[in-house]
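# Structural overview for review
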Amino acid sequence: MKAVEKKITRILILSAPVGSGHKMASQALAEAFSAMPDTLVTQGDVFTFFPAFLGKSFLTCYKAILRFCPGLYALSYRWGNAGSGSLFLRNLINRVLLRCGKNYLTDVAPDVVLSTHGTPTGILSLYKKKYAPQLRIGVVVTDYTVHRWLVYPEVDVYFIAEQALEEQVAKALSTQETGPSVSRAFGIPVREMLLPFCVAVGRQEARREICRGFGWPEDVFIVLISGGGEGLLPMEKIISLLAAESHTKLRLIAITGHNTLLREQLQEGRYGTNSRLEILGFTEELPKLIAAADLMIGKGGGISIAECLALGTPLLIYSPLPGQEQKNTEFLVRNQGAGVAFTVEEIAAAVRKEMAKTPAERERERESLRRRLGHPEAAKKIAGFTKSLTI
């Protein structure tokens, strides 16, 4: 009797290297799919569709605008989310980029594509409309808001952070030709390496390991400062003010990411010999550090927020950038998921307020935060639903 040949489901996860969050979401999804039988996963970068110098130039300009002229970014973000003129520009860009990416999509021949960014979503929607009506498209929204440039009638499903965002998807679709799209509030996908620390036992073990490694007693109050690698967080000012705090139990961990110059400046300056401060560059142990921390100070990116919520770690967002960071912060403050500070003095006050709580109070609040807004299993749920689209 002839054996029945199993059908291999081809999954393409397409992203854009605009910030590290989209790549991390793509990685989390790929990990979830890798555990599924009869599944072939390809991770793609939409910037490979066109010459490398164009992508590099775009990213350089993007970072410069965020750092030196955030108001310009805010203006473009609001315009893109408002008038019909922005949709005309969006569709024009999609037609140009599809010419660059059509051969890649034809060669990969996916059954389902998951997009984590607006640019690949637009290309995929037009590709489906013109060449592959059988293609299934899922959009993984990596923020706590939904921008109009993410919404297309050709999309089959939107994976959103919270149920409250369904209204934004419906509103954006109402201005376009209606489609069969549905929404699933599974949360923002986080990497598999976080999962062991999403329970109390794992968090406590992470804390013991971190304290042992730095030679700290276990009853210290750990503040993790992350997000200064791109120069968008005044790390030196924050460290200077917090290092001057007289509380003997306060400990600081500063993460400079790939910014080697910033790390060297901090280590060689007056902070290098401070026994209450550890300065680290890029590290794969960031999930363990977040789990061990009593408070994290950072920016308002969706993935960073999702990781904190999955671990139940209190987050203080510093001066959110206009656009999605601002929207993320508004959502979290409204739902008691994070605090916000606009000056280093406000950061110091927030740290003192958090330190005034007893360890038992902090643990209760942490567990409540994780239960209400944490979604550590989001990637697995998204992968499972996506696979069902091909049945």
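Okay, so let's go over this structure. All of these numbers come straight from a predicted model, not from anything done at the bench.

Quick notes on the rules
- Counting from 1, residues in each chain are numbered in the order their sequence is written.
- Where local features are concerned, this predicted model is filtered to residues with pLDDT of at least 70; where side-chain atom pairs are given and counted, the filter is 80 or more; whole-chain, interface and lining totals use all residues.
- Heavy atoms from the whole structure form the basis of all side-chain values; hydrogens and water molecules are not counted.
- Secondary structure elements are defined from DSSP: runs of H or I of at least 4 residues count as helices, runs of E of at least 2 residues count as strands, and each element is numbered from the N terminus.
- Two things to know: the radius of gyration comes from C-alpha atoms, and the globule rule equals 2.2 Å times the number of residues to the power 0.38.
- A 1.4 Å probe rolled over the protein chains alone gives each residue an accessible area, and that area as a share of the maximum for its type sets the label: buried under 20%, exposed over 50%, partly exposed in between.
- Note on definitions: a residue-residue contact is assigned when non-hydrogen atoms from the two residues lie within 4.5 Å.
- Paired strands, as defined in this entry, are two strands with at least two bridges between them according to DSSP.
- Any pair of nitrogen or oxygen atoms within 3.5 Å is treated as a polar contact; in protein, a donor-acceptor pairing is required on top of that, and neighbouring residues in sequence qualify only through side-chain atoms on both sides.
- Each axis is a line fitted through C-alpha atoms, taken for helices only over the stretch in contact, and angles between the N-to-C directions span 0 to 180 degrees.
- Should an angle fall under 35 degrees it is taken as roughly parallel, and over 145 as roughly antiparallel, whereas 65 to 115 is taken as roughly perpendicular and any remaining angle as oblique.
- Each residue receives one of three labels: charged for Asp, Glu, Lys and Arg, nonpolar for Ala, Val, Leu, Ile, Met, Phe, Trp, Tyr, Cys and Pro, and polar for the others, Gly being one of them.
- Comment: arc refers to directions from the helix axis out to C-beta atoms.

Each helix and strand counted, the protein chain has 15 helices and 12 strands in total. Rg of the C-alpha trace for the protein chain: 22 Å, near the compact-globule value of 21 Å for 391 residues, within the 12% margin. Principal-axis analysis of the C-alpha atoms gives the protein chain an extent of 70 × 60 × 35 Å. The buried share among the 391 residues of the protein chain stands at 51%. A separation of at least 24 residues holds for 71% of the contacts in the protein chain among residues at least 6 apart in sequence.

Our next topic: the pairing of strand 7 (residues 221–226). With 6 of 6 residues buried, strand 7 lies mostly within the body of the structure. The side-chain alternation of strand 7 yields two buried faces, one formed by Phe-221, Val-223 and Ile-225 and the other by Ile-222, Leu-224 and Ser-226. As paired strands, strand 7 and strand 10 (residues 295–298) are joined by 3 bridges and run parallel to one another. The partner of Val-223 across the bridge, within strand 10, is Leu-295.

So, on to the side chain of Ser-26. Topologically, Ser-26 is positioned in helix 1 (residues 20–34). What makes Ser-26 buried here is its relative accessible area of 4%. A polar atom in the side chain of Ser-26 sits 2.9 Å from the side chain of Gln-43. Discounting residues that sit within four places of it in the chain, Ser-26 has contacts with Ile-13, Ser-15 and Gln-43.

This part is about the packing of helix 11 (residues 302–311) against helix 14 (residues 359–373). Contact geometry for helix 11 and helix 14: axes closest at 7 Å, N-to-C directions at 120°. When the interaxial angle is binned, helix 11 and helix 14 end up oblique. Contact residues: Leu-309, Ala-310 and Leu-311 in helix 11; Arg-366, Leu-369, Arg-370 and Leu-373 in helix 14. When the residues that make up the contact of helix 11 with helix 14 are grouped by side-chain class, the tally is 5 nonpolar, no polar and 2 charged.

As a further point, take helix 8 (residues 235–243). Within helix 8 the residues assigned to the buried category are Met-235, Ile-238, Ile-239, Leu-242 and Ala-243. One side of helix 8 carries all its buried residues, which in axial view fall inside an arc of 120°. Its buried side turned inward, helix 8 meets strand 7, strand 8 (250–255), helix 9 (260–268), strand 9 (277–280), strand 10 and helix 13 (344–355).

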